[in-house]
Amino acid sequence: MRAPDSLPDLVVTKNRKRKSTCGTILPFRHVPEDLRKAGMRDHVRRRRMGQGTMPLIALLPDIHANLAALTAVVGEVERLGVDRIVCCGDIVGYGMEPAACVRMLRERGATSVLGNHEAMMLLAMRQPSQVPSREASRNNPVWNGIHRALEELDEGDVSWLASLPRVLEIPGAIVAHAALHGGEGWPYLLDSKHARLTLDLMKRHGHAIGFFGHTHRQEWFSLPGDPANEPRETSGFRLDEGVAYAVTTGSVGRPRGSNPNPTWTLWDSERKVFEFRSEPVGNSIRPMSVSD
């Protein structure tokens, strides 16, 4: 499979306010816990002093209308003094409280990219004959969540979701819900083969790092021959210059695997460090299977 020559939608919207079979596998430079925490504290201190540092960004993936999980994550985001919230798509779908989740994010000035569940909701709104009816969706968790969103969201919320881009440029990185090489589809970044197609496309367009949702996992990939071309599951990493990285950021509302807690990613755009985060909220979130 060959990567396309252009990013989805042919434009990047600017935000203003498994093991590789080739290449040498080298680890990311892990940031020691004490230095990482000190760096984050220093970032917040300098920002509050008005010294014009680059923003600290919370990347919230795949919330899926889970208000309890979102509330826990937003509480930690605000405690950390994060500058900006950016969602990696799929704010709606599956869960019971899509309107409350969308409004919590909008009230905090969050930005987002379009996810496949938002796209399905818009399709159901514009072409209802092309999707299962409300009654036929009772036992289908995907379409049941889509219809619930349509019932609960007001016109302003729907308009906001309809305005979301497929790809968003943030300081030092780009954000998308799914892999970039899928055109109008929504491919997953599940392994190095698929990651390579997206990484090739990123490098061609001059983007060193991309943050993605959709897989509901926290992993990262780089090209064979570059450092860290095997996905890892560790917390804080500083990026190497001249290397492209694709990072899947987890899931706030429906994490995959045995961990039931919300997962998200913190991006320090000044120090070029990202950190995988998880917030304990007990067993209020059902772990997802791969087929979900």
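Predicted, not measured: the structure shown is a model, and the values here were computed from it.

Visitor: Help me understand the environment of Arg-108 in this model?
Guide: Mapping Arg-108 onto the fold places it in the loop between helix 3 (98-107) and strand 5 (111-112). Taking the C-alpha atoms as reference points, Arg-108 and Arg-84, 24 residues apart in sequence, are found 8.6 Å from one another.

Visitor: What's the story with the pattern of salt bridges in this structure? I'm lost.
Guide: Opposite charge on two side chains permits them to pair, given that their charged atoms come into close proximity. Per the stated rule, a full pass over the model turns up 12 salt bridges. Put simply, Glu-151 and Arg-134 hold a salt bridge, and the shortest N to O gap is 2.6 Å. Placement of the pair is Glu-151 in helix 5 (residues 141-152) and Arg-134 in the loop between helix 4 (116-126) and helix 5, with a sequence separation of 17 residues. In this structure, Glu-135 engages Arg-138 in a salt bridge whose closest nitrogen and oxygen atoms are separated by 3.6 Å. A residue is classified by how much of its surface remains accessible, and Glu-135, at 58% relative accessible area, is exposed. A single network of salt bridges, built from pairs that share partners, joins Glu-76, Arg-79, Glu-275, Arg-277 and Glu-279.

Visitor: Where do I start with the packing of helix 4 against helix 6 (residues 155-162) in this structure?
Guide: Axes are the key here: two packed helices are described by the angle between their axes and the distance separating the axes. Here helix 4 crosses helix 6 at 120°, and the two axes come no closer than 10 Å. Our classification of the angle between helix 4 and helix 6 gives oblique. By crossing handedness, the relation of helix 4 to helix 6 is classed as left-handed. Note on element contacts: helix 6 touches helix 4 through Val-158, Leu-161 and Ala-162, opposite Glu-118, Met-121, Leu-122, Met-125 and Arg-126. Within the contact of helix 4 with helix 6, the residues separate by chemical class into six nonpolar, no polar and two charged.

Visitor: It is not clear to me how the environment of Lys-203 should be interpreted in this structure. Could you clarify?
Guide: Within the secondary structure layout, Lys-203 lies in helix 7 (residues 192-204). A sequence separation of 40 residues divides Lys-203 from Val-243, and the C-alpha atoms of the two residues are 8.5 Å apart.

Visitor: Would you explain the side chain of Asn-116 in this entry?
Guide: Considering the arrangement of structural elements, one finds Asn-116 in helix 4. In contact with Asn-116, not counting residues within four places along its chain, are Asp-90, His-177, Trp-186 and His-214.

Visitor: Just checking my understanding: could you explain the packing of helix 4 against helix 5 for this structure?
Guide: Remark: helix 4 packs on helix 5, axes separated minimally by 9 Å, with the N-to-C direction vectors making an angle of 65°. By the criterion of interaxial angle, the relationship of helix 4 to helix 5 is roughly perpendicular. Read as a crossing pair, helix 4 and helix 5 show a hand that is right-handed. Between helix 4 and helix 5, the residues in contact are His-117, Met-120, Met-121, Ala-124 and Met-125 and Val-142, Trp-143, Ile-146, Ala-149 and Leu-150, respectively. Tallied by class, the residues present in the contact of helix 4 with helix 5 amount to nine nonpolar, one polar and no charged.

Parameters and conventions
- Residues numbered from 1 in each chain as written.
- Predicted model: local features only at pLDDT ≥ 70, side-chain atom pairs only at ≥ 80, totals over all residues.
- Heavy atoms only, no water.
- Helix = DSSP H or I, 4+ residues; strand = E, 2+ residues; numbered from the N terminus.
- Salt bridge = Lys/Arg side-chain N within 4 Å of Asp/Glu carboxyl O.
- Buried < 20%, exposed > 50% of the residue type's maximum accessible area, 1.4 Å probe, protein only.
- Axes fitted to C-alpha atoms, helices over the stretch in contact; angles between N-to-C directions.
- Parallel < 35°, antiparallel > 145°, perpendicular 65-115°, else oblique.
- Left-handed = near helix turned anticlockwise from the far one by under 90°.
- Contact = heavy atoms within 4.5 Å.
- Nonpolar A, V, L, I, M, F, W, Y, C, P; charged D, E, K, R; others polar.

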